[in-house]
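Close look at the chain arrangement
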Amino acid sequence: MKDFIHEAPDRGDTFSLEHYIGFRLRLAIQRYNEIFSRQLSKLTPPQFAALVKLLERGPVSQNELGRQISVDAATTKGIVDRLEARGLVARTRCARDQRKINVALTGEGANLVKHKIPEAEAVASDTMSRLTQIERERLVELLAKL
């Protein structure tokens, strides 16, 4: 049986984990999630995103809501299930197409999300606290291109 020896990487190698986009994005998401869970402890980022989209757009189909917050159908259903159990959203069948399920904010959901938006803005600010305002704007612009 051949022995496998782990050799130190050649110093000429150009790959560095610290310069790898996936690694840096994961660290940024970890930082964001940690701050988010401290500031908005009763909601997850996807739940907050769903509430914000419903506030912005009004009632939409459950599938459309998932597309708007970039999550798959099964995840969307779980998000809506939990928000509905808390009385923050309500589901109804579409009158024109009984296969479609529409989701809307309840009064309680609208009030909650309106009060949580300043906290979410603080989360974003805390997450990017080490950046200048110009760097913050540029980062968001660059991420939008991905």
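A brief structural summary. What you see is a predicted model; the values in this text were computed from it and never measured.

**Comments concerning the packing of helix H1 (residues 21-39) against helix H5 (residues 107-127)**
At a minimum axis distance of 9 Å, the contact between H1 and H5 shows a crossing angle of 145°. Between H1 and H5 lies a crossing whose hand is right-handed. Note on element contacts: H5 touches H1 through Glu119, Ala122, Val123, Asp126 and Thr127, opposite Arg31, Tyr32, Ile35, Phe36 and Gln39. Within the contact of H1 with H5, the residues separate by chemical class into 5 nonpolar, 2 polar and 3 charged.

**Comments concerning the nonpolar core**
Formed by 21 residues in total, the largest nonpolar core has its most connected members in Phe48, Leu51, Leu65, Leu83 and Val89. Sorting the residues of this core by element identifies H1, helix H2 (45-57), helix H4 (73-85) and H5 as the ones contributing at least two each. Sort the elements by how many residues they give to this core and H2 lands first, with 5 residues. When sequence neighbours within four positions are dropped, the list of residues in contact with Leu83 reads Leu43, Gln47, Ala50, Leu51, Leu88 and Val89.

Procedures and definitions
Residues numbered from 1 in each chain as written. Predicted model: local features only at pLDDT ≥ 70, side-chain atom pairs only at ≥ 80, totals over all residues. Heavy atoms only, no water. Axes fitted to C-alpha atoms, helices over the stretch in contact; angles between N-to-C directions. Helix = DSSP H or I, 4+ residues; strand = E, 2+ residues; numbered from the N terminus. Left-handed = near helix turned anticlockwise from the far one by under 90°. Contact = heavy atoms within 4.5 Å. Nonpolar A, V, L, I, M, F, W, Y, C, P; charged D, E, K, R; others polar. Core = buried A, V, L, I, M, F, W, Y, C linked by side-chain atoms within 4.5 Å. Buried < 20%, exposed > 50% of the residue type's maximum accessible area, 1.4 Å probe, protein only.

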